[in-house]
Amino acid sequence: MKCLAMAHPNIAVVKYWGKRDLPLNLPSTCSVSVTLSGFRTITSVHWGTSRDRVLMGGRPASRSVAHRVLGFLDLLDPHRPPCHVESENNFPTSAGLASSSSAFAALALAASRASGRNLSVRELSVLARRGSGSACRSIPGGFVYWRKGSLPDGSDSHAVQIAPEDHWDLRVVVAVVDPGPKSIASTAGMLHSAATSPCFPVFLEKSGQLATMAREAIATRNHVQLFHAMEESTLLMQATMTTALPPIFYSKPASLAIIRQVYEMRRDGIPCGWTMDAGPNVKIFCLPRVLEGVVARIRPHAVDVHALSPGGAARLLECSP
Ligand code: PMV
């Protein structure tokens, strides 16, 4: 069977940074995200071919990526037949633009269906999490909460929708300052920060409170409160990176120039807030009425700017025998 699925990446407003179980990708904290339309991954899985093959953007995947993708298929069935996987993104990969979130969400959906399984949203989210933690949040659409769970097998660590994508008309401006791959992969970055930063316990301690604050802000469409929770979570995550030994610096001079611009815009009465992930690119959340102004003030500092909106759930596009 061959199945094709699509998923959008998600951007965390309250961050997942730290694992309590490495092989199962179980997080140390709960997190909150927004699934984004505009950016997407489309993945096809042909279950039962002559040999394993993984293509990314039309080219054979690197050995390490192919190993990660094929290992993920083994989770569905350790005695699986050879498979062809083809995946394509319409945005830069591995640049802190959450490409692994859409990649493993689309792969979980396409592969589970191609192997003859019809998994629930919860089961799909648990499966996608095994590929990349943040991918569990790209299974439901809109505004999403990832419960960290407490069971040792991870079956209660999955994402749930807080509100659908049309609940709140926000805009997310992605300011690309460097489209290249990030210097340190997020798993390596979070493990190193957790192991060596004296700020990591503070990040853990504050995360639960920030997740509650963000959920409440989403429920009541309170942008001031959302931006507050998002910036505090991002700054605490960055504090763990920059106080790790040796430190991790994902930011570039242009990233900092954009963050400064956000505070200047706020002083000028423009409602916007910023966040970053494991890469130098900055995401600015704002209300639709100020989008043009925000883009104009950010553009001089970025090599590329994308304006996105909240997006829907991962979707099966087609299946054929
Ligand atoms: O899903 P991963 O393993 O690539 O981790 C993502 C971590 C951050 O993007 C930095 C934060 C988050 O919650 O998405």
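Student: Run through the site of the ligand, naming residues and quoting values.
Tutor: With respect to spatial proximity, 13 residues lie near the ligand, and among them Tyr 16, Ser 132, Ser 134, Arg 137 and Ser 186 are the closest. Residue Tyr 16 places a main-chain N or O atom 2.9 Å away from an oxygen atom belonging to the ligand. In the model, an oxygen atom of the ligand is placed 2.7 Å from a nitrogen or oxygen of the Arg 137 side chain. Here the ligand loses 92% of its free accessible area of 380 Å² to cover by the protein chains.

Student: Can you break down the sheet that holds strand 10 (residues 143–146) residue by residue, with the values?
Tutor: Ordered in space as 2-5-10-11, the four strands form an open sheet in which the pairing is antiparallel. At either end of the open sheet lies a strand with only one pairing partner, and these are strand 2 (10–14) and strand 11 (159–163). If you compare each strand with its neighbour and ignore which way they point, the axes differ by 35° on average. As paired strands, strand 2 and strand 5 (residues 31–35) are joined by four bridges and run antiparallel to one another. Looking at the pairing, Ala 12 lines up with Ser 33 of strand 5.

Student: So what's going on with the packing of aromatic side chains? Residues and values would help.
Tutor: Taken as a whole and judged by the stated rule, the model has five aromatic pairs. The ring of Tyr 145 is capped by Arg 215, whose NZ or CZ atom sits 4.0 Å from the centre of that ring.

Student: Any details on the side chain of Ser 132? Residues and values, ideally.
Tutor: Tracing the chain through its elements places Ser 132 in the loop between helix 3 (121–131) and strand 10. Ser 132 gets classed as buried once you look at its relative accessible area, which sits at 8%. Other than its neighbours up to four places away in sequence, Ser 132 contacts Asn 25, Arg 68, Ser 100 and Phe 104.

Student: Which residues make up the sheet that holds strand 14 (residues 282–286), and what values do they have?
Tutor: With respect to topology, four strands assemble into an open sheet ordered 13-14-12-15, the strand pairing being antiparallel. In the strand order of this sheet, the two ends are held by strand 13 (272–276) and strand 15 (304–308), each with one partner. The sheet shows a mean angle of 20° between the axes of neighbouring strands, direction not considered. Judged from the five bridges that link them, strand 12 (residues 171–176) and strand 15 form a sheet pairing that is antiparallel. Note on strand 15: the bridge partner recorded for Val 176 is Asp 304.

The rules we used
- Once a new chain begins, its residue numbering starts again from 1 and follows that chain's sequence as written.
- Predicted model: local features are reported for residues with pLDDT of at least 70 only, side-chain atom pairs are reported and counted for 80 or more only, and whole-chain, interface and lining totals are derived from all residues.
- Derived side-chain values reflect all non-hydrogen atoms in the structure, with water molecules and hydrogen atoms excluded from consideration.
- It suffices for a single heavy atom of a residue to lie within 4 Å of a molecule or strand for the residue to be listed as near it.
- Side-chain atoms alone can form a polar contact between residues adjacent in sequence; in general such a contact is a pair of N or O atoms within 3.5 Å, and within protein one must be able to donate a hydrogen while the other accepts it.
- Accessibility throughout is a Shrake-Rupley quantity obtained with a 1.4 Å probe, and a residue counts as covered only by protein chains that appear here.
- The pairing criterion for strands is at least two bridges between them, as found by DSSP.
- Under the DSSP-based scheme used, a helix requires at least four consecutive residues in state H or I and a strand at least two consecutive residues in state E, with every element numbered from the N terminus.
- Angles shown run from 0 to 180 degrees and are taken between the N-to-C directions of axes, each axis being a line fitted to C-alpha atoms and, for helices, limited to the stretch in contact.
- In this analysis, rings of Phe, Tyr and Trp, with Trp reduced to its six-membered ring, are considered paired at centre separations within 6.5 Å, and the interplanar angle assigns stacked below 30 degrees, edge-to-face beyond 60, and tilted for intermediate values.
- As a reminder, the over-ring test applies to NZ of lysine and CZ of arginine, requiring each to be within 6 Å of the ring centre and within 35 degrees of the ring normal.
- Note on exposure labels: buried denotes an accessible area under 20% of the residue type's maximum, exposed denotes more than 50%, and partly exposed covers the range between, all computed with a 1.4 Å probe on protein chains only.
- In what follows, residue pairs with any heavy atoms lying within 4.5 Å of each other are defined as contacts.

Function-wise, these values are silent; they only describe arrangement.
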